[in-house]
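Examination of the molecular architecture
Residue-level listing of the chains:
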Amino acid sequence: MAADIIIKSLLFEKYGVQLISTDGKDKITFRAFLQPLRYKNKIYLSGVPTELGYDGLNKYLLLAPPEVDIKYLEGEGFTLYFDESSFSTDHCEPVYLGRKKLYYWAIVHKEG
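Residues numbered from 1 in each chain as written. Predicted model: local features only at pLDDT ≥ 70, side-chain atom pairs only at ≥ 80, totals over all residues. Heavy atoms only, no water.

Okay, the packing of aromatic side chains next. Inspection of every chain in the model, using the stated rule, returns three aromatic pairs. Ring centres of Phe12 and Phe33 lie 5.5 Å apart, and the angle between their planes is 50 degrees; this geometry places the pair in the tilted category. Taken together, the positions of Phe12 in helix α1 (residues 2-15) and Phe33 in strand β2 (residues 27-36) put the pair 21 residues apart, joining distant regions of the chain. Here Tyr72 and Phe78 contribute two aromatic rings whose centre-to-centre distance is 5.1 Å and whose plane-to-plane angle is 75 degrees, an arrangement assigned as edge-to-face. Take Tyr72: its relative accessible area is 13%, and that puts it in the buried class. Under the relative-accessibility criterion, Phe78 is labelled buried at 13%. (Phe/Tyr/Trp six-rings, centres within 6.5 Å; stacked < 30°, edge-to-face > 60°. Helix = DSSP H or I, 4+ residues; strand = E, 2+ residues; numbered from the N terminus. Buried < 20%, exposed > 50% of the residue type's maximum accessible area, 1.4 Å probe, protein only.)

On to the confidence of the model for the protein, then. Scored by pLDDT, the protein comes out at a mean of 82, with 74% of its residues at no less than 70. The weakest mean pLDDT in the protein belongs to strand β4 (residues 54-55) at 52; the strongest belongs to strand β6 (residues 79-82) at 95. (pLDDT = per-residue confidence, 0-100.)

Below, the discussion takes up the pattern of salt bridges. Following the criterion strictly, the structure yields two salt bridges and no others. Note that Lys71 is salt-bridged to Asp26, the shortest N-O span being 3.6 Å. In this pair, Lys71 is assigned in helix α2 (residues 70-74) and Asp26 in the loop between β1 (17-22) and β2, connecting sequence segments 45 residues apart. We classify Asp26 as partly exposed; its relative accessible area is 31%. We note a salt bridge from Asp90 to Lys59, for which the minimum N-O separation is 2.5 Å. With Asp90 in strand β7 (residues 85-97) and Lys59 in strand β5 (residues 59-64), this pair connects stretches of sequence that are 31 residues apart. On the accessibility criterion, Lys59 (28% relative accessible area) is partly exposed. (Salt bridge = Lys/Arg side-chain N within 4 Å of Asp/Glu carboxyl O.)

Turning our eyes to something else, we now look at the pairing of β7. Strand direction decides the pairing type here: β6 and β7, joined by three bridges, are antiparallel. Along β7, the bridge assignment pairs Leu80 with Phe87. Turn length for the β6-β7 hairpin, with the two strands adjacent in sequence and antiparallel, is two residues, and the turn residue Asp83 shows positive phi of about 55 degrees. With 10 bridges joining them, β7 and strand β8 (residues 100-110) adopt antiparallel strand pairing. Among the inter-strand pairings, Cys92 is bridged to a residue of β8, identified as Ala106. From the end of β7 to the start of β8, which pair antiparallel, there are two residues, and Gly98 there has a positive phi angle of about 70 degrees. (Pairing = 2+ DSSP bridges.)

What follows is the structure in structure tokens.
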């Protein structure tokens with residue numbers, strides 16, 4: 001199917017960053033998008049002011065391919081690693097087109 005080729009091959013494999021998810025026993029590596037969330041309201045004034053709003057640099061949007069088992073994204077005890085940083089998942093949901101799972105979106109926060 002064309003959607004599979006576009007989403008997996010083009011988007012995640014070509015433009016995604018490499019993440020590792022592990023609980024100490026199980027470990028997988030996959031490519032995904034990781035982007036800082038910027039807040040425009042005044043609740044988050046302790047962040048860094050940017051042109052788009054305030055950036056607290058601790059909440060991120062994660063878009064992951066549908067092949068990843070959701071337990072690696074929001075399973076208890078699993079931690080995501082990118083470069084030197086570790087992340088925990090606040091919330092994760094799959095996105096469907098009809099009955100076909102296209103990708104996962106998640107809100108993650110930087111630990112430490």
